[in-house]
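Spelled out from the first residue to the last, the chains are:
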Amino acid sequence: MKRIPLIINEKSRGAPAVSDIYRCNVRISDLGHHGKVKEARKLFDEMPQRNSFSYASMITVYVKNNDLPGAERLFRTMPRREIVSESAMINAYVKAGRVDEARKVFEEMAERNVFSWTSLISGYFWIRQVEEGRRLFDRMPVKTIVSWITVVLGYAQNGLIDQARDIFDKMREKNVVAWTAMIKSYVENDLIDEAFKLFHDMPQRNLFTWNIMISACLKANRVTEAIQLFNSMPQRNSISWTCMVSGLAQNGMIYSAREYFDQMPSRDIAAWNAMITAYANEGNMDEASELFQLMPSKNVITWNAIIDGYSRNGPEGEALRHLILMFHFGLRPDETTITSVLTSCEAMLELTQVHALIIPLGFEDNTSLVNALITKYSRIGELNSARLAFESLKSKDLVSWTSMILAYSNHGHSLHALNVFARMLRSGVKPDEITFVGVLSACSHAGLVEKGQRLFDSMRSAYGLKPWAEHYSCLVDVFGRAGQVEKAMRVVSKMPLSDRDGAVLGALLGACRMHGDDKLADHIGRKLIALDPSNSGGYVLLANVCAACEKWDEFAQVRKMMKERNVKKVPGYSQIEVKGKNHVFFVGDRTHPQVKEIYEMLTDTLLPSMQERS
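Here the structure is a predicted model, which is why all the values come from computation and not from measurement.

Applying the stated criterion across every chain, the model contains 25 salt bridges. As a salt-bridge pair, R112 and E107 come within 3.5 Å of each other at their nearest N and O atoms. A relative accessible area of 28% places R112 in the partly exposed class. Under the relative-accessibility criterion, E107 is labelled partly exposed at 38%. K184 serves as the salt-bridge partner of E188, at 2.7 Å between the closest nitrogen and oxygen. In this pair, E188 and K184 are both assigned in helix 11 (residues 176-188), four residues apart and thus about one turn of the helix distant. What emerges from the salt-bridge pattern is a single network uniting R103, E107, R112, E132, R135 and R139.

Another aspect to go through is the side chain of S240. Summarising the element assignment, S240 is placed in helix 15 (residues 238-250). A relative accessible area of 0% places S240 in the buried class. Polar side-chain contacts of S240 include one of 2.8 Å to the side chain of N237. In contact with S240, other than residues within four places in its own chain, are L207, N211, F230 and M233.

What follows is about the packing of aromatic side chains. Under the definition given, this model contains 16 aromatic pairs. Ring plane angle 85 degrees and centroid distance 5.1 Å describe the contact between F199 and W210, whose orientation is recorded as edge-to-face. Pair noted here: F199 is in helix 12 (residues 192-201) and W210 is in helix 13 (residues 207-219), with a separation of eleven residues, a long-range link. Across the pair, W210 and F199 agree in class, each one buried. Seen in terms of ring centroids, F230 and W241 are 5.0 Å apart; in terms of plane orientation they differ by 80 degrees. Their pairing is edge-to-face. Taken together, the residues span a long stretch of sequence, with F230 in helix 14 (residues 223-232) and W241 in helix 15 at a distance of eleven residues. Just as F230 is buried, W241 falls in that class too. Here the aromatic cluster, defined as three or more aromatic residues joined through ring pairs, consists of F230, W241 and Y260. In this structure, R50 packs its charged tip against the face of F44, placed 4.3 Å from the ring centre. Directly above the ring of F199 sits R205, whose terminal nitrogen or CZ lies 4.1 Å from the centroid.

Glancing now at unusual backbone geometry. Cis geometry marks the peptide bond from G314 to P315; its omega dihedral reads 0 degrees. As for its placement among the helices and strands, P315 is situated in the loop between helix 19 (300-313) and helix 20 (318-328). The phi torsion at N66 lies on the positive side, around 60 degrees, for a residue other than glycine. Positionally, N66 belongs in the loop between helix 3 (52-64) and helix 4 (68-76). Even without being glycine, D190 reaches a positive phi, approximately 60 degrees.

Quick notes on the rules
Residues numbered from 1 in each chain as written. Predicted model: local features only at pLDDT ≥ 70, side-chain atom pairs only at ≥ 80, totals over all residues. Heavy atoms only, no water. Salt bridge = Lys/Arg side-chain N within 4 Å of Asp/Glu carboxyl O. Buried < 20%, exposed > 50% of the residue type's maximum accessible area, 1.4 Å probe, protein only. Helix = DSSP H or I, 4+ residues; strand = E, 2+ residues; numbered from the N terminus. Polar contact = N/O pair within 3.5 Å; in protein donor to acceptor, adjacent residues only side chain to side chain. Contact = heavy atoms within 4.5 Å. Phe/Tyr/Trp six-rings, centres within 6.5 Å; stacked < 30°, edge-to-face > 60°. Lys NZ or Arg CZ within 6 Å of the ring centre and 35° of its normal.

So this is what it looks like as structure tokens:
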């Protein structure tokens, strides 16, 4: 016998019509769809009478707005449970990955419907308990086409495409949704040819099927087939056109993408975003900006595309300017927006402006954003600002700790780096290979030979990490700076040949030069050049060794070798920030517009002052 949904009378001020209850239920669902959970609950609480659909609607509102505890509390307070609310709760638990609790509700149900069976089956497939999902499917007293499709997709999402096809073939009736589900399964497992075969066998296709195949071909770089499919479509929608625009652009065919974009009968926001992103990825910010200005309506994705384009391609300051414009037009930036702007910041003024925006936007506890901020502050030498950002972070992950360790280590604050490392270990965060580059480098600069050796050994023994060439380079540098050249040599001799790169040999060469072993330095310098003939570092180091030994003929040979091989020495430079603008000066540079004033300041003021103090 079919059960009638329960009507619960909690406030008996006359019986409202069933249509009133229905309208309230619809209104609750609508409020939840727009994120208005409190308003939905208020309406629910004020209803004189509720039926099981009222409870199911409110439970669904909680679930859609990521409030599973609220859904659980309401479910537990129900005077009497009904199939509709029980099914809603099963679905809620499944979406949260709590399949065991979903199963408990399922087993306690007096009767079950297709929705409760199918929700639980999909849950088992989602958590990769494929066999249990299949057992439950086999237990179903009545299987609908939705149940069959659920299992097809469940097998496919677990990479079991043969089992998915087996279920598909056993279906007595197949509608267009079933055929499309199997085609989608092939596509998601990169089996495009099999998808094509099934597509051609389909008795009937819908727009969704066509769009899946076009998108799949474009992702697989099968552009000609995608164009043929598009031209064969009996009808197209905006998704079809947008697939072609974004797919062609991703295949580097930006002019063809623009042709399709210009031919679109009506352009939706996704098509505009795809075209702007394509131009930004190509570095063509003039075209990207022109489309951005012409676009009738913009969303956060649009702003992110143009901001990311300016961040990667310049000109300087445009990414930050567009972030401010975004605020002006009333859109709230997301994590992607701020990350893109941070990437473009090179000066302290820009960084502080972005940092100031992070707090009112509620991103001050966003670990990945603050990590990027720490790294940026470190790169411009603002260690105090990096430290403040780091200490303000409530939830520090591996990247947070490593970023702060590298910030201190790279700027010569070795003891601070090692203190942060000790705090990291006490917090229970396990270091990785990059963390050890920072702490070993800190040991090298601080002359902590024994600690450096212990930390290097602990990589394998305590953390199961295989040392990289960078770690060997740091350890060689630790011994080299302490004058223990023989130990440094032993490290190099014991390390894998594949890891003996220029950094390791360069560290060993530096140690030999520092402690007067010119013969060994000469030998290593030549090995370094042989290892990387296009890198000027080896030539410069060897030339300096020759000069220190007054071997001027050999010095001249090294310089001649550089000239013959067209190896250019990278000139040294310094960089300063004045009033938020970066100024770069190369050795012997006279290109700066204020070069006359700079040299006058150097010769007339700074040099005499330096000489006096020395």
